[in-house]
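Geometric and topological summary
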Amino acid sequence: MSLSDLTRSAVELAIAEYDEIGPERFLEKYGFAKARKYFLVIGNREYHSKAIAGAAHGYLPGRHLPLRSIDFSGGENTVAHVLGNLGFAVRSTEPKPRNPTWTRDELILALDFYMENPASPPGKTSSKIAKLSEDLNKLAVILGVSGDGQFRNPNGVYMKVMNFRRFDPTFATAGKSGLSHGGREEELVWREFSQTPDLLRSVATAIRAAINGETLHTSPPDFDYIEEAEEGRLLTVLHQRRERNRKLVEARKQKALDETRELRCEACDLSFADRYGPHGDGFIEVHHLRPLHTLREGDKTAVSDLALVCANCHRMIHRRKPWLSVTQLRMLLNQRPTAARPETC
Ligand SMILES: [Zn+2]
Ligand SMILES: [Zn+2]
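Reading the values: rules and limits
Residues numbered from 1 in each chain as written. Chains lettered and ligands numbered in written order. Predicted model: local features only at pLDDT ≥ 70, side-chain atom pairs only at ≥ 80, totals over all residues. Heavy atoms only, no water. Donors = N, O, S within 2.8 Å, 3.2 Å for Na, K, Ca; no water. Tetrahedral: all angles 85-135°; square planar, octahedral: opposite > 155°, others 65-115°. Helix = DSSP H or I, 4+ residues; strand = E, 2+ residues; numbered from the N terminus. Buried < 20%, exposed > 50% of the residue type's maximum accessible area, 1.4 Å probe, protein only. Pairing = 2+ DSSP bridges. Axes fitted to C-alpha atoms, helices over the stretch in contact; angles between N-to-C directions. Core = buried A, V, L, I, M, F, W, Y, C linked by side-chain atoms within 4.5 Å. Domains from an automatic or database assignment. Contact = heavy atoms within 4.5 Å. Parallel < 35°, antiparallel > 145°, perpendicular 65-115°, else oblique. Left-handed = near helix turned anticlockwise from the far one by under 90°. Nonpolar A, V, L, I, M, F, W, Y, C, P; charged D, E, K, R; others polar. 1 Å grid on protein atoms, 1.4 Å probe; cavity = no way out; pocket = protein on both sides within 12 Å on 5 of 7 lines; lining within 4 Å. Points joined across faces, edges and corners; volume = space filled by probe spheres on them.

**Quick word on the coordination of the zinc ion (ligand 2)**
- Here the zinc ion (ligand 2) is held by the protein donor atoms His-239 (NE2), Glu-243 (OE), Glu-243 (OE), His-287 (ND1), His-314 (NE2) and His-318 (NE2), which lie 1.9 to 2.7 Å from it.
- Every donor counted, the six donor atoms about the zinc ion (ligand 2) form angles of 54 to 154 degrees at the centre, which fits irregular coordination.
- Donor residues for the zinc ion (ligand 2), ordered by position in the chain, follow H-x3-E-x43-H-x26-H-x3-H. Of the two residues, Glu-243 is situated in helix α11 (residues 233-243) and His-287 in strand β4 (residues 285-288); the sequence distance between them amounts to 44 residues. Just as Glu-243 is buried, His-287 falls in that class too.

As structure tokens, this is what we get:
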């Protein structure tokens, strides 16, 4: 007893019965509620798809009974799918899933593109727009974002680039306004980067290098404990990965042990061995110090690039963008004398 047994002729027989007795009686006879989401469409007539499928089961040759409503789900993956496979048109009232909103990384790349020639950026059909579209599609794959066939196509990418015009005083004063509205993130990226073209260029270059880096087969980012950096998601993932490189972490710890014979948080002085006894011995996290945009995929991390931090301080560093430096966190703790004492938990 399964929907996948249905045949086209069984469905046609159910449709014929539906036409004959009308929707109300049909639904009542088979015990179905009105469809809300999926309708089988024939010409200009629409049928409650789940009820049709259930009734059609009773029309299969042999000893088949109609299926009841509770026997199967009416969703996209079942009824709509089966009817679609039998060659029927199914209309969904669900709004089509929209392509995901632009991430910070994407907006940084788009702004970098725009800033190169705000007066006359390369057109929709230019190879440069095609390359940007291609990079954005690769980025989506790396970050596990999916969209439909239109996802970041050259047309959409061009529109997004031109959207920056509405923030650009050069064009606003000339009475030109940009196309449609974008998200708040778009404005933030404009405000943060439009006045610092060199920084924008290096961040965008670092992102592009990471996108096209061959070794970037990353596990999904762990954004529970880290806030995405100003430089976007992809470079954040790289930062996180550098901090989790076991060999380097061990080398950094060994350096501290050689020099001071202990592992202490550089922000709050906590030593896990002091705090937790033998259980905490040898534990500390590391934070990678170099600005994200100065790093390239494949760059070697030096032991001196890593700071020792306790788990709490590390989370506080990454809690908001812009991330705090270790010194900033240390100062923050010093302004709060009671909280700075590691022996209070
Ligand atoms: Zn700490
Ligand atoms: Zn860190």
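**So, the sheet that holds strand β2 (residues 45-48)**
- Pairing is antiparallel across the open sheet formed by three strands, whose spatial order is β2-β1-β3. With one partner strand each, in any of the chains shown, β2 and β3 (89-92) form the two edges of the open sheet. With strand direction ignored, the average angle separating the axes of adjacent strands in the sheet is 40 degrees.
- The pairing of strand β1 (residues 38-42) with β2 spans four bridges and is antiparallel.

**Quick look at the environment of Ala-251**
- Looking at the element boundaries, Ala-251 is found in helix α12 (residues 246-260).
- Spatially, the C-alpha atoms of Ala-251 and Leu-306 are 9.9 Å apart, while their sequence positions differ by 55 residues.

**Overview of the coordination of the zinc ion (ligand 1)**
- Taken together, Cys-265 (SG), Cys-268 (SG), Cys-310 (SG) and Cys-313 (SG) make up the full set of protein donors to the zinc ion (ligand 1), lying 2.2 to 2.3 Å away.
- Geometry at the zinc ion (ligand 1) is tetrahedral, judged from its four donor atoms and the angles of 105 to 117 degrees they form at the metal.
- Read from N- to C-terminus, the donor residues coordinating the zinc ion (ligand 1) fall into the pattern C-x2-C-x41-C-x2-C. Across the pair, exposure class does not vary: Cys-265 and Cys-268 are buried alike.

**Some remarks on the nonpolar core**
- Of all hydrophobic cores here, the largest spans 40 residues; its most connected members are Ile-108, Leu-111, Phe-164, Ile-207, Leu-234 and Leu-235.
- Those elements that provide at least two residues to this core are α5 (104-116), α6 (127-143), α7 (154-163), α9 (184-193), α10 (197-212) and α11.
- Three or more residues apiece are contributed to this core by two domains, here domain 2 (104-212) and domain 3 (233-334).
- Other than its neighbours up to four places away in sequence, Ile-108 contacts Val-189, Phe-193, Leu-200, Val-203, Ala-204, Ile-207, Glu-230, Glu-231 and Gly-232.
- Among the nonpolar cores identified, the runner-up in size contains 25 residues, and Val-11, Phe-32, Ile-52 and Phe-88 belong to it.

**Digging into the packing of α5 against α9**
- Packing of α5 against α9 leaves a shortest axis separation of 10 Å and a crossing angle of 55 degrees. In terms of orientation, α5 and α9 fall into the oblique class. Between α5 and α9 lies a crossing of right-handed hand. Here Arg-104, Leu-107, Ile-108, Leu-111, Tyr-114 and Met-115 of α5 lie close against α9, whose contacting residues are Glu-185, Glu-186, Leu-188, Val-189, Trp-190, Glu-192 and Phe-193.
- Across the contact of α5 with α9, the residue classes tally to nine nonpolar, no polar and four charged.

**Here's the deal with empty space enclosed by the protein**
- Within the structure shown, the criterion is met by one cavity of 30 Å³ or more.
- Reported here for the largest cavity is a volume of approximately 40 Å³.
- Lining the largest cavity are Thr-103, Glu-106, Leu-136, Leu-139, Ala-140, Leu-143 and Val-145.

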